[in-house]
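A closer look at the structure
The chain contents come next:
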Amino acid sequence: MAMRQTPLTCSGHTRPVVDLAFSGITPYGYFLISACKDGKPMLRQGDTGDWIGTFLGHKGAVWGATLNKDATKAATAAADFTAKVWDAVSGDELMTLAHKHIVKTVDFTQDSNYLLTGGQDKLLRIYDLNKPEAEPKEISGHTSGIKKALWCSEDKQILSADDKTVRLWDHATMTELKSLNFNMSVSSMEYIPEGEILVITYGRSIAFHSAVSLDPIKSFEAPATINSASLHPEKEFLVAGGEDFKLYKYDYNSGEELESYKGHFGPIHCVRFSPDGELYASGSEDGTLRLWQTVVGKTYGLWKCVLPEEDSGELAKPKINFPETAEEELEEIAAENSDSIYSSTPEVKA
């Protein structure tokens, strides 16, 4: 029986949402951080979109954001020429890492001891977070501003992308191992540790490469320019979004388009699957994040599938089951925390 996709809309940002990242699965669930041009990255409960807090301190657009594996630390990259590291539990700023130009990307090592950054000055920097006063290690070689930089191969190597080039670096020797060149601008890059897969989008193409050799695995063509794509943890599906405001879901093995949804009111800048693969999140020019079910109609998070009575003749339809906490209580909670990291309470809407 056909079910209608009902995304959850997470409001609160006032400018385009340009990056998002999930934590790993922790004893408290998993979490989602969003980067926005309003300069106020937000932390949310990953499976519901419920707002937890806003990290206040940047003086320019935030272009990149990430969480470490256990969601105890956050890092952000901004147009104010800084990257910041935060305590993701208390919201406190732990350190500010000054750069010489706009910072676009940040990524923690698995042990959270090192932070990789990249930006408009074309340099990769590696900061030892246990020695914040020490100068970072620098890797040069990119010929244009760095859009994305990620640790890979158990932090032994680094993947980075500038305008039309993806490069693979050795961490120990700080040297370039291999590179990929494209005839158009690379819009996004995702690294999948399980299977060492690299997902790259450029133009209308979604390409999959080996993260070890950079050899091509397969590629798909989408109907519109794609800004971001994400591969399901079990490699069954991939989702992608771009300039036509739509989200596309494909079968990874066959490349067949399974579904497409239009929910945003502007181009989609970023999409990511949750660590359990039950949902995917999208961030858009319209200033919202939306959460989408991988399997439509499944009871999960705020989605509750209510089946009809056998003799009612009604079609099964998903319902959104909101927590019992009333809006007035949420406002009181926000008021009590007005002096902390929390700002006005964003909403999650069906």
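Not measured: the values here are computed from a predicted model.

Procedures and definitions
Residues numbered from 1 in each chain as written. Predicted model: local features only at pLDDT ≥ 70, side-chain atom pairs only at ≥ 80, totals over all residues. Heavy atoms only, no water. Helix = DSSP H or I, 4+ residues; strand = E, 2+ residues; numbered from the N terminus. Contact = heavy atoms within 4.5 Å. Disulfide = S-S within 2.5 Å. Buried < 20%, exposed > 50% of the residue type's maximum accessible area, 1.4 Å probe, protein only. Core = buried A, V, L, I, M, F, W, Y, C linked by side-chain atoms within 4.5 Å. Pairing = 2+ DSSP bridges. Axes fitted to C-alpha atoms, helices over the stretch in contact; angles between N-to-C directions. UniProt positions renumbered as here; feature names shortened; annotations may be inferred. Phe/Tyr/Trp six-rings, centres within 6.5 Å; stacked < 30°, edge-to-face > 60°. Salt bridge = Lys/Arg side-chain N within 4 Å of Asp/Glu carboxyl O.

This part is about the environment of alanine 75. Residue position: alanine 75 is located in strand S7 (residues 73-78). Considered as a pair, alanine 75 and alanine 65 are 10 residues apart in the sequence and their alpha carbons are 5.7 Å apart. Ignoring anything within four residues of it in the chain, the contact list for alanine 75 reads Gly64, Ala65, Thr66, Lys84, Val85, Trp86, Val106, Phe108 and Leu115.

All chains considered together, the criterion is met by zero disulfides. There is no disulfide at cysteine 36, and the cysteine sulfur nearest it, in cysteine 270, is 9.7 Å away. Residue classification places cysteine 36 among the buried positions, given a relative accessible area of 0%.

One broad rule of soluble globular proteins: the nonpolar side chains tend to lie buried together. Core analysis: the biggest nonpolar cluster contains 17 residues, and Leu159, Val166, Phe182, Met189, Leu198 and Ile200 have the highest contact counts within it. Breaking this core down by element, the ones donating at least two residues are strand S14 (148-152), strand S15 (157-161), strand S16 (165-170), strand S18 (186-192) and strand S19 (197-202). Setting aside anything within four residues of it in sequence, one finds leucine 198 in contact with Leu159, Val166, Met189, Glu190, Ala207, Phe208, His209, Ala211 and Leu214.

If you walk across this open sheet you meet the four strands as S22-S23-S24-S25, and the pairing is antiparallel. The open sheet has two edge strands with one neighbour each: strand S22 (226-231) and strand S25 (257-262). Within this sheet the neighbouring strands show an average axis-to-axis angle of 20°, counted without direction. Sheet analysis places S22 next to strand S23 (residues 237-242), joined by five bridges and oriented antiparallel.

With numbering aligned to this structure, UniProt lists the feature "repeat: WD" (unreviewed entry) at residues 55-96, 96-137, 139-179 and 261-293. Span residues 261-293 is 0% helix and 58% strand, its end C-alpha atoms 11 Å apart.

Looking now at the packing of aromatic side chains. Here the structure, examined in full by the defined rule, presents nine aromatic pairs. With 5.7 Å between their ring centres and 70° between their planes, phenylalanine 22 and tyrosine 30 make a pair best called edge-to-face. A relative accessible area of 14% means that phenylalanine 22 is categorised as buried. Classification of tyrosine 30 by relative accessible area gives buried; the value is 4%. When the ring of tyrosine 261 is compared with that of tryptophan 292, the centres are 5.7 Å apart and the planes differ by 20°; the resulting orientation is stacked.

With that out of the way, let us pick up the sheet that holds strand S10 (residues 103-108). Hydrogen bonds between backbone groups are what pair the strands of a sheet, and the pairing can be parallel or antiparallel. Read from one edge to the other, the open sheet built from four strands follows the order S10-S11-S12-S13, with strand pairing classed as antiparallel. Bordering the open sheet on either side are S10 and strand S13 (137-139), each of which pairs with just one other strand. Averaged over all neighbouring strand pairs, the angle between strand axes comes to 20°, with direction disregarded. Sheet topology places strand S11 (residues 114-119) next to strand S12 (residues 124-128); five bridges connect them, and they run antiparallel. Bridging from a neighbouring strand, leucine 115 pairs with tyrosine 127 of S12.

What follows deals with the pattern of salt bridges. Under the definition given, this model contains nine salt bridges. The partner of lysine 147 in a salt bridge is aspartate 163, and the shortest N-O contact between them spans 3.7 Å. Remark: aspartate 163 occurs in the loop between S15 and S16 and lysine 147 occurs in the loop between S13 and S14; sequence separation between them is 16 residues. In this structure, the salt-bridge partner of glutamate 278 is lysine 298, at a minimum N-O distance of 2.9 Å. With a gap of 20 residues between them, glutamate 278 in the loop between strand S26 (268-273) and strand S27 (279-284) and lysine 298 in the loop between strand S28 (289-293) and strand S29 (303-306) connect regions that are remote in the sequence. Judged by its relative accessible area of 19%, glutamate 278 falls in the buried class. Among the charged side chains, a network of salt bridges with common partners joins Asp121, Arg125 and Glu138.

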